[in-house]
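Examination of the molecular architecture
So the chains spell out like this:
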Amino acid sequence: MLHNKILLLLIVAVVTGIKVLRFPYPTSTSNYVLLKPNFHPIQSQFTICSWIKSSKKISDHEDFWSYAVPVERNMMILSNNYAFLKGTQLVNFGNKFIPLIWYHRCYSWKSGGGVSYYINGVEVPVSSDNLTGAITPGGTLVLGQEQDSVGGGFVQGEDFAGDIANMNVFRSKLNFEDISKLYFKGRCWEVEGLLRAEVILSWEEITMATRYGHVELLEDSTCETEDEADVILRFLERKKCLLVE
């Protein structure tokens, strides 16, 4: 019943269109996006959600998110197969994704409450350390590379090639219902309602950040044709997750 109610609510939503950050292939350590976010509100819990499409054969070390501070360069790292927090590998996801396919991925953590991982609105069982403590604010966020030093130290082979869309950071560990709503809406809808108040780093802010190398900000032309049928398709396919064994 809950899933049906979510679907009915989302079918009446309006497509707004969205921009896409494209990290080109072949990869280069010169391609990245750099921000100085205010992460004071997420020191003890957070959720990061994004639509991601890789454009090459995906490796374990394809890092698309790296947050570093002077005392810990691995403060927060998100890759295809693992996540680091405060220098500790919280979880190894063990998932392999199909290149050129959009996936909605959400990573959430709460101090003492563990980590949760979602693909296409479905929570994926993971084993993780029950890490406590706080995220250090005042750091540097890089998309598309892994920082081996704050703001730099990039290594070929740890870089990301593909598209990122509708990435948002929330101040709390979102529940299953909220993350399902984000997935069902698709990458062409903006975060709205009560969830909008939870956003502490929005996709709009990310698209205005400094881009380096050949990273492009593009209009997602497929958003112009998305309609109710696309929402229903996501509803029917949500448990498939389009994963490769």
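As the structure is a prediction and not an experimental result, all values here were calculated from the model.

Turning next to the packing of aromatic side chains. Scanning the model with the defined rule gives 13 aromatic pairs in all. Seen in terms of ring centroids, Phe97 and Tyr103 are 4.7 Å apart; in terms of plane orientation they differ by 70°. Their pairing is edge-to-face. Across the pair, exposure class does not vary: Phe97 and Tyr103 are buried alike. What links up through ring pairs into an aromatic cluster is the set Phe23, Phe64, Tyr107, Tyr117 and Phe160.

As a further point, take helix H2 (residues 176–185). A large share of H2 lies buried, amounting to seven of its 10 residues. Of the positions making up H2, those classed as buried are Asp178, Ile179, Ser180, Leu182, Tyr183, Phe184 and Lys185. With a side-chain oxygen lying 3.2 Å from the backbone nitrogen of Glu177, the N-terminal cap of H2 falls on Asn175.

Here we take up the nonpolar core. Phe39, Phe64, Trp65, Tyr67, Met76 and Leu143 are the most contacted members of the largest nonpolar core, which totals 45 residues. It is strand E4 (residues 63–69) that provides the largest number of residues to this core, a total of four residues. In this structure, Leu174, Leu182, Val191 and Leu195 belong to the second largest nonpolar core, which totals 10 residues.

Here we take up the confidence of the model for the protein chain. The predicted model of the protein chain averages 83 in pLDDT, with 79% of residues at 70 or higher. Scored below 50 in pLDDT, residues 4–15 makes 20 contacts in the model with residues more than four places away or belonging to other chains. pLDDT under 50 marks residues 241–245. Its contacts with residues more than four places away, or in other chains, come to 14 contacts.

Throughout this description, disulfide means a covalent bond between two cysteine sulfur atoms. A full pass over the atoms with the stated rule returns one disulfide. Each sulfur of the disulfide joining Cys49 and Cys106 lies 2.0 Å from the other. Classification of the bridge connecting Cys49 and Cys106 rests on its S-S torsion, roughly 120°, and on that basis the disulfide is right-handed. With Cys49 in strand E3 (residues 45–54) and Cys106 in strand E9 (residues 103–110), this pair connects stretches of sequence that are 57 residues apart. Taking the relative accessible area as the measure of exposure, Cys49 reaches 2% and is therefore buried. A relative accessible area of 0% places Cys106 in the buried class.

So, how was this worked out
Residues numbered from 1 in each chain as written. Predicted model: local features only at pLDDT ≥ 70, side-chain atom pairs only at ≥ 80, totals over all residues. Heavy atoms only, no water. Phe/Tyr/Trp six-rings, centres within 6.5 Å; stacked < 30°, edge-to-face > 60°. Buried < 20%, exposed > 50% of the residue type's maximum accessible area, 1.4 Å probe, protein only. Helix = DSSP H or I, 4+ residues; strand = E, 2+ residues; numbered from the N terminus. Polar contact = N/O pair within 3.5 Å; in protein donor to acceptor, adjacent residues only side chain to side chain. Core = buried A, V, L, I, M, F, W, Y, C linked by side-chain atoms within 4.5 Å. pLDDT = per-residue confidence, 0-100. Contact = heavy atoms within 4.5 Å. Disulfide = S-S within 2.5 Å.

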